[in-house]
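Coordinates in review
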Amino acid sequence: MRIDFDPGATDTGTFYRLLTAVVVPRPIAWVSTVTPDGETANLAPHSFFTIACVSPPVVQFTSVGRKDTLRNIEATGSFVVNFAPEHLFEQINATATDFPRGISEFEAVGVEREPSLRVKPPRVAGAPVALECELHSTVLLGDSTVVFGRVVHAAVDEDVMTDDGHPEVTALRPLTRLGKDEWGTFGGVREISRIPYTRWQEDRDAR
């Protein structure tokens, strides 16, 4: 037996909690930006995050409401998506605090920064991967804004790379968001290759 939820008859907060509890795990975009005057660096986690396009490389994240991250990106046209690893769990959570505008989360939380190569916002020094992005476009959806960023540079820590030049998930150890105040840490890995249709037919006929 199922319980039915009608979005039109359910308050926003309740349906938000439902969605974030069932669309799991969600990767985290730890987004760094700078204010228009370049004086303050902002850093905040966003868990509505994914790849939007490969050629050209574009990533996307959603700002629920109009937060400093969104305002800075609209004003400056650039941002960095920093990979969120397990060992920075407490710092990532702390940068979600609603600090007043003008206060840098880097400074308040004590997150070490490093210069980016192609954009003005700094990278998180302890993040194993940083995707430097220029704003491609935004889409307003209700109370949220989807931000699309073209990746103009990717910086990857050599310690998480395999000999064949591929980032290794067991070294990256991604942190993810679940429902409520729950976070997901890295578990086991299962590997399986996709089955070409010709082989699928052969296997079926062999049975």
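Below you will find a few notes about this structure.

All right, on to the pattern of salt bridges then. Under the definition given, this model contains nine salt bridges. Between arginine 101 and aspartate 68 there is a salt bridge whose closest N-O contact spans 3.1 Å. Of this pair, arginine 101 sits in the loop between helix 3 (89–94) and helix 4 (105–109) while aspartate 68 sits in helix 2 (residues 68–76), and the two are 33 residues apart along the sequence. For the salt bridge of arginine 199 with aspartate 203, the shortest nitrogen-to-oxygen distance reads 3.7 Å. Residue arginine 199 and its partner aspartate 203 are both found in helix 6 (residues 197–206); the two are separated by four residues, about one turn of the helix. On the basis of relative accessible area, arginine 199 is assigned to the partly exposed category, the value being 40%. For aspartate 203, a relative accessible area of 34% puts it in the partly exposed group. Taken together, the shared-partner salt bridges in this structure form one network comprising Asp68, Arg71 and Arg101.

Time to look at the sheet that holds strand 12 (residues 183–184). Judged by pairing direction, the sheet is antiparallel, and its three strands sit side by side in the order 1-11-12 without closing on themselves. One side of each edge strand has no neighbouring strand; the edge strands of this open sheet are strand 1 (26–27) and strand 12. Here strand 1 runs beside strand 11 (residues 176–177); their pairing, made up of two bridges, is antiparallel. The residue of strand 11 that forms the bridge with arginine 26 is arginine 177.

What counts and what doesn't
Residues numbered from 1 in each chain as written. Predicted model: local features only at pLDDT ≥ 70, side-chain atom pairs only at ≥ 80, totals over all residues. Heavy atoms only, no water. Salt bridge = Lys/Arg side-chain N within 4 Å of Asp/Glu carboxyl O. Helix = DSSP H or I, 4+ residues; strand = E, 2+ residues; numbered from the N terminus. Buried < 20%, exposed > 50% of the residue type's maximum accessible area, 1.4 Å probe, protein only. Pairing = 2+ DSSP bridges.

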